[in-house]
Amino acid sequence: MSAQPVQWRVSTIEGVFETDLETLKQWIAEGCVQPTDKVSKGNLNWIEAGRAPMLRGAFNGEVAVEPPPTVIAPDFTSAASPDSATESHQSSVVEERKSPRANGAATCYNHPEISPEYICRICATTFCSECPRFVGTSKVPLCTLCGDFCKPFALVQSKAMSQEFQGSGFGFADLTRALQYPLQHKAALLFGAALYGFLLLAGFRGRIIASVIMFGCISHVISQVAWGRLNRSFLPDFGSFSMWDDVAVPIGLGIGITIVTWGPMIVLFIALLFGVMNGGLVASRTAAAEAEQQQDLEAVSVVLDPNADPKKLEEASKRVEKLRPGARISGEAEKSKNELSDPTADLRLMASYLKAGALILLVGLLALAWGIFYYPMALAIAGYTQSFASVINPLVGLDTIRRMGGTYFKAFGMVLMIQVVSFIVAIIVAIITAPFSLPFFGNLPATFIDGSLTFYFNLVVACLLGLSLFKCADRLGIDTD
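Residues numbered from 1 in each chain as written. Predicted model: local features only at pLDDT ≥ 70, side-chain atom pairs only at ≥ 80, totals over all residues. Heavy atoms only, no water.

A short note on the sheet that holds strand β5 (residues 118-120)
(1) Moving on: Taken in spatial order, the three strands of this open sheet run β6-β5-β9, and their pairing is antiparallel. Every interior strand has two partners, whereas the edge strands, β6 (126-127) and β9 (150-152), have only one.
(2) Moving on: Sheet topology places β5 next to β6; two bridges connect them, and they run antiparallel. If you follow Ile-119 over to β6, its bridge partner there is Thr-126.
(3) Moving on: Strand contacts of helix α4 (residues 153-166): β5, β6 and β9, with the helix running at about 70 degrees to β9, the strand carrying the most contacts. (Pairing = 2+ DSSP bridges. Helix = DSSP H or I, 4+ residues; strand = E, 2+ residues; numbered from the N terminus. Contact = heavy atoms within 4.5 Å. Axes fitted to C-alpha atoms, helices over the stretch in contact; angles between N-to-C directions.)

What to know about the pattern of salt bridges
(1) Moving on: For the structure on display, the rule yields eight salt bridges.
(2) Moving on: The closest approach of N and O atoms between Arg-229 and Asp-37, which form a salt bridge, is 3.6 Å. Taken together, the positions of Arg-229 in the loop between α7 (203-226) and α8 (243-273) and Asp-37 in the loop between α1 (21-29) and β3 (38-41) put the pair 192 residues apart, joining distant regions of the chain.
(3) Moving on: Note on Arg-229: relative accessible area 1%, which makes it buried.
(4) Moving on: Of the residues examined, Asp-37 reaches a relative accessible area of 3% and is grouped as buried.
(5) Moving on: The salt bridge partner of Asp-399 is Arg-402, with a shortest N-O separation of 2.7 Å. One end of the pair is Asp-399 and the other is Arg-402, both in helix α14 (residues 394-404) and three residues apart, which spans about a single turn. (Salt bridge = Lys/Arg side-chain N within 4 Å of Asp/Glu carboxyl O. Buried < 20%, exposed > 50% of the residue type's maximum accessible area, 1.4 Å probe, protein only.)

Observations regarding α14
(1) Moving on: Along α14, the residues classified as buried are Gly-397, Thr-400, Ile-401 and Met-404. Buried residues of α14, seen end-on, are gathered within an arc of 100 degrees and therefore sit on one face of the element. Facing away from the buried side of α14, by more than 90 degrees, are the exposed residues Leu-395 and Arg-402.
(2) Moving on: Following α14 by one or two positions, Gly-405 adopts a phi angle in the positive range, close to 65 degrees. (Arc of directions from axis to C-beta.)

Let's talk about the nonpolar core
(1) Moving on: Grouped together as the largest cluster of nonpolar side chains are 61 residues, with contacts concentrated most on Val-221, Phe-234, Met-377, Leu-379, Phe-455, Leu-464 and Leu-469.
(2) Moving on: Per element, the largest residue contribution to this core is 13 residues, and it comes from helix α16 (residues 444-471).
(3) Moving on: Every residue in contact with Leu-469, bar those within four places of it in the chain, is listed here: Ile-222, Ala-226, Ala-380, Tyr-384, Met-404, Leu-476 and Ile-478. (Core = buried A, V, L, I, M, F, W, Y, C linked by side-chain atoms within 4.5 Å.)

Below is the structure:
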């Protein structure tokens, strides 16, 4: 007696389905199951489908999509005899297989009063839950007209709506959708905002943990929305907690974002802190002093040379005379007097400082402009690639901006507007809660409230960036649902 095949369960946005391994691989090859969907083998725990060793080959393209069958439809003599319209439809489907058939209204082909549960992937005939022919222990539904696989109608309808939404273009409607996105999961929003706000009150370590949670949520939202999963929660699945995926990766992505966006500003600050900007002036002064010292040594050697040329001896004697302490003091006093009496000395000094300050200001403005402009793209790259190497490589982001075209500039403008609103709200909160400020502790209520609102606004930004990627998925090579 042969053993029963192990049953698999798969959880997608359309629901939970049971099947065998081969059918599950076929669904993966057809794009019905994504790497982030949850699967369970038998009674084992749920894991992401992309992590299951037995399914990796299917995600890597090792399982081909089965072509439509070319045989005549199966014999259903045990079933009721179809009417003439059904026979004509069956014959046309089997022999021609040209354009997919649609029922027009979303109803069962055999029971027009019942909503469909399945749809044939070849002839597009819709069936209720009772009409398909179910085969195998996993009860795989087959079309009773052409014999091909049937898919869940809700899945196909969802994909059609997603494709229509993807081709609708990026605009202010997406900004409204992003503002509403965190509010779809009110319990998760209240929990995440409260946790983030409390961690900001827990000192340096608390802020580090808060940043990890924030980057984890941002990257999760961007990746899910970029794949077309707008109904997924923004909180990661802590049921399958991984120290690497849920802690190390967000920290690395956050560090990479900081390096690629604000790295030039940090380098400029360090340069100013250690006086690198003045290094050229110091070096020139040092070189001039060394040259003058070398000339003094040559003058002394000429004076001590009994065979020296009289003209050179006279010039060297005058230079050696100036090296005496009395002559040096007298020379410095004369130089100071000339500087005080020179009305242009202060102007020259001011001009040199202004020149250096203008250079520093220009470099600082360029570094600030780069950080502001590239920060949203750095978040987007971190979200949909989850790769530290891609994040710190600005060429990846610049190429993505090129392929997204005007969509990124629209998204950038919206993100900038959200950040300005967030800044204004933070000022208002600080003013309102100013009476609650405590010595040594600061304004704790303002910190908590501002942190909670920052959590919300960051989720809005993440959703907005994910939508911009989703609308450009065909240009970016993102495999959407």
